Protein chains: 2
Amino acid sequence: MNDWYTENHQPDVHFSIQVKKHLYSEKTPYQQIDFYESETFGKFFTLDGLMMATEKDEFIYHEMIVHPSFAVNPQIKRVLVVGGGDGGTCRELLRYPFVESVDLVEIDERVVHLCQKYLPQTASCLANNPKVHLCFEDGLDFVQKASTASYDLIIVDSTDPIGPGEGLFTYAFYESCKRLLTEEGILINQHESPYYADDATEMKRAHSKLKKTFPIAKVYQFHMPTYPSGHWLFGFASKRLDPIKDLKAKFWEELQLPTRYYNTKLHIGAFMLPTYVKDELENA
Amino acid sequence: MNDWYTENHQPDVHFSIQVKKHLYSEKTPYQQIDFYESETFGKFFTLDGLMMATEKDEFIYHEMIVHPSFAVNPQIKRVLVVGGGDGGTCRELLRYPFVESVDLVEIDERVVHLCQKYLPQTASCLANNPKVHLCFEDGLDFVQKASTASYDLIIVDSTDPIGPGEGLFTYAFYESCKRLLTEEGILINQHESPYYADDATEMKRAHSKLKKTFPIAKVYQFHMPTYPSGHWLFGFASKRLDPIKDLKAKFWEELQLPTRYYNTKLHIGAFMLPTYVKDELENA
């Protein structure tokens, strides 16, 4: 008998995947972690019952959280990833040979170790790479304690602002990130979705705080079919660089990195938002 | 007891909506028609168990199927809609005062009459409007019989290429549309989705035929959360007009039509496709 994994995108809207095998389940001090295998999506994992990454489409999320910044600032050498314990973001970062170090601050050590075992497609890069420094600590604590403005890029690859990800959606966190970024540094953050009312509320909260903290705060969209509504957003914030005006398309294209979702035209298109999303963000 | 409407996006991927009321159900000679009411999506209707339109997000589909053409060709006066019995496409067309006539060719008269009763948000425009001519006939038959090149815009607002919509994805249909279009005419068609394998196969089939039929055949994307994967496409085909090079953004903006999804920047962005989608279309 096959089982089903069901996520409540809303109390009255359910998304279900038939499970060939429930590979692993563990309750850590921070959250419930589950790994599954399915026909359509391959292996996937969930935190507290929410979809994090599937083998089929994690490339969309991880390409879109990493590559736009590199097409805007070709000088990115030092990167901080907050969250991102599945390793997918790190994998994409390490494709740039000029990246010198990636500090990955993940609150839950078990996410990293279990993804290395069950989801090597994203997590294999986290083992034995001298550029990668794993730090198992709360992201808010880490950025508040860190002292020097030395990151060219900070990526907040977090869960929703409920549970362990909550501190990563606060003024205190964004202010610390700003302090830790170089003058041409960029902050990318998980920015929720405009479609369902509760996600849209979090989208507006995040944007309201980011635009009060950073001179430049934009939002870009992508298609993420395994997340609620499939319409997902990342924030792009910086002190100086504009994601469109400062786009260095030629530089990025000459790197000749093969990608499956991201390209420099899509980069531009991703910032062109539907009217209702623009309006909600402007009024946030 | 509340019931659930479940659509199989794939055999092993289900999307379910809790139903407050199953408003109506009828089997016509063409298909099974059902109307439901739900908390999150309001009223919605399905054909053969597939989601067609919900009160919450039909504006996305209907704005995107109509407005891009008007921003490219400001001379659109005569329009043919094939399918589109729910009236949403017609409603958006009628917002342009210079549109003189809309011929709506819908195979199933019951769709129109039931939508007028259960989904007036889209279908109320179909009653008693001297510009709207309803014709209950097979779309392929209609275009093959029609003789003069007189449409400025043909919109194929169809179901998937299985069942009654099948003929609307054939060379014979596209050739007839080309014949019926003015020199600056535009064909917009439902173009399926790149994400799940079966939808992607139909996407490629449609594109392959369109690009062999029309000198210009482009594809644009939008976020449609209640369709499988939420990543949906329309085709833009024409003899002469390019959707980007010939965009008349200023003209369209000066019309000052309030829209919730479409805007002229998003127009440009919608044609900027993910790399994997571009590749599949180029190889189609």
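An account of the accompanying structure is given in this report.

Reading guide: rules and limits
Residues numbered from 1 in each chain as written. Chains lettered and ligands numbered in written order. Predicted model: local features only at pLDDT ≥ 70, side-chain atom pairs only at ≥ 80, totals over all residues. Heavy atoms only, no water. Helix = DSSP H or I, 4+ residues; strand = E, 2+ residues; numbered from the N terminus. Buried < 20%, exposed > 50% of the residue type's maximum accessible area, 1.4 Å probe, protein only. Polar contact = N/O pair within 3.5 Å; in protein donor to acceptor, adjacent residues only side chain to side chain. Pairing = 2+ DSSP bridges. Axes fitted to C-alpha atoms, helices over the stretch in contact; angles between N-to-C directions. Contact = heavy atoms within 4.5 Å. Buried area = accessible area lost by both parts, 1.4 Å probe. Salt bridge = Lys/Arg side-chain N within 4 Å of Asp/Glu carboxyl O. Nonpolar A, V, L, I, M, F, W, Y, C, P; charged D, E, K, R; others polar.

Considerations on the environment of Glu253(B)
All names here are of chain B.
Part 1 of the reasoning: Considering the arrangement of structural elements, one finds Glu253 in helix α8 (residues 249-255).
Part 2 of the reasoning: With relative accessibility at 44%, the residue Glu253 sits in the partly exposed group.
Part 3 of the reasoning: Along the backbone, Glu253 and Thr264 are 11 residues apart, and their C-alpha atoms lie at a distance of 7.5 Å.
Part 4 of the reasoning: Engagement of the side chain of Glu253 in a polar contact is seen with the side chain of Thr264, the distance being 2.3 Å.

Describing the sheet that holds strand β1 (residues 3-10) of chain A
Part 1 of the reasoning: Pairing is antiparallel across the open sheet formed by four strands, whose spatial order is β1(A)-β2(A)-β2(B)-β1(B). If you trace the sheet from one side to the other, it starts and ends with β1 of chain A together with β1 (3-10) of chain B, each paired once. Strand after strand, the sheet turns through a mean of 25° between neighbouring axes, direction not considered.
Part 2 of the reasoning: As defined by bridge partners, β1(B) adjoins strand β2 (residues 13-19) of chain B across seven bridges and the pair is classed as antiparallel. Looking at the pairing, Thr6(B) lines up with Ser16(B) of β2(B).

Describing the interface of chain A and chain B
Part 1 of the reasoning: Counting residues at the interface gives 41 residues for chain A and 41 residues for chain B.
Part 2 of the reasoning: Summed over both sides, the interface between chain A and chain B buries roughly 3,400 Å², with carbon and sulfur atoms accounting for 60% of that surface.
Part 3 of the reasoning: Per-residue buried area on chain A facing chain B is highest for Asp12(A), Tyr195(A) and His223(A); these three make up 22% of the total on that side.
Part 4 of the reasoning: Joining chain A to chain B, the criterion identifies zero salt bridges.
Part 5 of the reasoning: On inspection of chain A and its partner chain B, the count reaches 23 residue pairs in polar contact (both at pLDDT 80 or more).
Part 6 of the reasoning: Counting only elements with at least two residues in the side of chain A that touches chain B, the list comes to β1, β2 (13-19), β12 (216-223), α9 (264-270) and α10 (275-282) of chain A.
Part 7 of the reasoning: With six residues, β2(A) is the largest single contributor of residues to the side of chain A that touches chain B.
Part 8 of the reasoning: Taken together, the residues of the side of chain A that touches chain B break down into 19 nonpolar, 15 polar and seven charged.

Things to note about the environment of Tyr24(A)
Residues and elements named next belong to chain A.
Part 1 of the reasoning: Mapped onto the fold, Tyr24 is located in strand β3 (residues 21-27).
Part 2 of the reasoning: The spatial distance from the C-alpha of Tyr24 to the C-alpha of Leu114 is 8.8 Å, given a sequence separation of 90 residues.
Part 3 of the reasoning: Among residues more than four places away in sequence, those in contact with Tyr24 are Ile33, Asp34, Phe35, Arg110, Leu114 and Tyr118.

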